[in-house]
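This is what each chain is made of:
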Amino acid sequence: MAMQNELVKSLAKKPATLLYPFEKYDSIPGSRGKVVIDITKCIGCGLCIRDCPAFALEMVGKGPTCDMKWYITRCVFCGQCVETCPRSAIIQETTYDLAGAEKAALVIEYKRPKSS
Ligand code: SF4
Ligand code: SF4
């Protein structure tokens with residue numbers, strides 16, 4: 001009987017889950033999502049790459065002229081790179097829905113603006 005009561009109660013309630021990806025939760029303030037690098041602040045010290053536990057960051061080139069790559073599929077969203085960067089060049093946005101079908105789209109490149 002208890003189970004039947006629970007069943008009837010559940011039928012009257014809204015579903016606890018959303019029909020993702022057609023419905024989405026709002027990002028949670030303060031949550032660790034997309035890694036964004038302000039390449040203009042980056043001095044190419046490589047400390048973020050050294051400290052990343054998931055090998056999710058790559059430097060393309062060397063020193064202050066380098067570009068950076070972030071591999072979404074490797075990242076564990078730990079926030080260590082944000083903590084490590086001495087120039088505060090890395091932030092984590094709250095964006096969480098980063099999945100995609102194309103492998104190339106899962107690598108974000110942060111390129112320096114070309115100097116004229
Ligand atoms: S959030 Fe963590 S796993 Fe992702 S790039 Fe930064 S240090 Fe690496
Ligand atoms: S730690 Fe900061 S300054 Fe150093 S390479 Fe990474 S993003 Fe650039």
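See the structure shown above.
Residues numbered from 1 in each chain as written. Chains lettered and ligands numbered in written order. Predicted model: local features only at pLDDT ≥ 70, side-chain atom pairs only at ≥ 80, totals over all residues.

**Quick notes on the site of ligand 2**
- Taken together, 13 residues surround ligand 2, and among them Cys 42, Cys 45, Leu 47, Cys 48 and Cys 85 come closest.
- For the shell around ligand 2, the per-class residue count stands at 9 nonpolar, 3 polar and 1 charged. (Near = placed C-beta within 6 Å. Nonpolar A, V, L, I, M, F, W, Y, C, P; charged D, E, K, R; others polar.)

**Considerations on the environment of Glu 6**
- One can find Glu 6 in helix H1 (residues 2-12).
- Each C-alpha atom, one on Glu 6 and one on Val 76, is 38 Å from the other, the two residues being 70 residues apart in sequence. (Helix = DSSP H or I, 4+ residues; strand = E, 2+ residues; numbered from the N terminus.)

**Remarks on the site of ligand 1**
- Around ligand 1, the structure places 13 residues, and the nearest of them are Cys 52, Cys 75, Cys 78, Gln 80 and Cys 81.
- For the shell around ligand 1, the residue count by class is 11 nonpolar, 2 polar and no charged.

**Some remarks on the sheet that holds strand E3 (residues 67-71)**
- Overall, antiparallel pairing links the 3 strands, which are arranged E2-E3-E5 in an open sheet. Of all the strands in the sheet, the pair left with one neighbour each is strand E2 (57-60) and strand E5 (107-110). On average, each strand axis in the sheet is tilted by 20 degrees relative to the strand beside it, whichever way the strands run.
- Sheet topology places E2 next to E3; 4 bridges connect them, and they run antiparallel. Across the sheet, Met 59 pairs through a bridge with Met 68, a residue of E3. (Pairing = 2+ DSSP bridges. Axes fitted to C-alpha atoms, helices over the stretch in contact; angles between N-to-C directions.)

**So, the pairing of E3**
- Where burial is concerned, the two faces of E3 differ: the one with Met 68 and Trp 70 is buried and the one with Asp 67, Lys 69 and Tyr 71 is not.
- Counting the residues in the hairpin turn of E2 and E3 gives 6 residues, including Gly 61, whose phi is positive at 95 degrees. (Buried ≥ 20, exposed ≤ 12 C-beta atoms within 10 Å, placed from the backbone.)

**Quick notes on the nonpolar core**
- Residues Ile 37, Leu 57, Trp 70, Cys 81 and Ile 90 are the most contacted members of the largest nonpolar core, which totals 15 residues.
- Contributions of two or more residues to this core are made by strand E1 (35-37) and E3.
- The contact partners of Cys 81, leaving out residues within four places of it in the chain, are Val 35, Cys 48, Asp 51, Cys 52, Leu 57 and Ile 90. (Core = buried A, V, L, I, M, F, W, Y, C linked by C-beta atoms within 7 Å. Contact = placed C-beta atoms within 7 Å.)

**Quick notes on unusual backbone geometry**
- Put simply, Tyr 20 and Pro 21 share a cis peptide bond, and its omega is 5 degrees.
- Its location among the elements puts Pro 21 in the loop between H1 and E1.
- The backbone of Phe 55 shows a phi angle near 55 degrees, a positive value even though the residue is not glycine.
- Of note, Phe 55 is situated in the loop between helix H2 (47-51) and E2.
- Residue classification places Phe 55 among the exposed positions, given that 10 C-beta atoms sit within 10 Å.
- The phi dihedral of Ser 88 falls on the positive side, at around 50 degrees, and the residue is not glycine.

**A few points about the environment of Ala 2**
- Here Ala 2 lies in helix H1.
- Taking the C-alpha atoms as reference points, Ala 2 and Val 60, 58 residues apart in sequence, are found 62 Å from one another.

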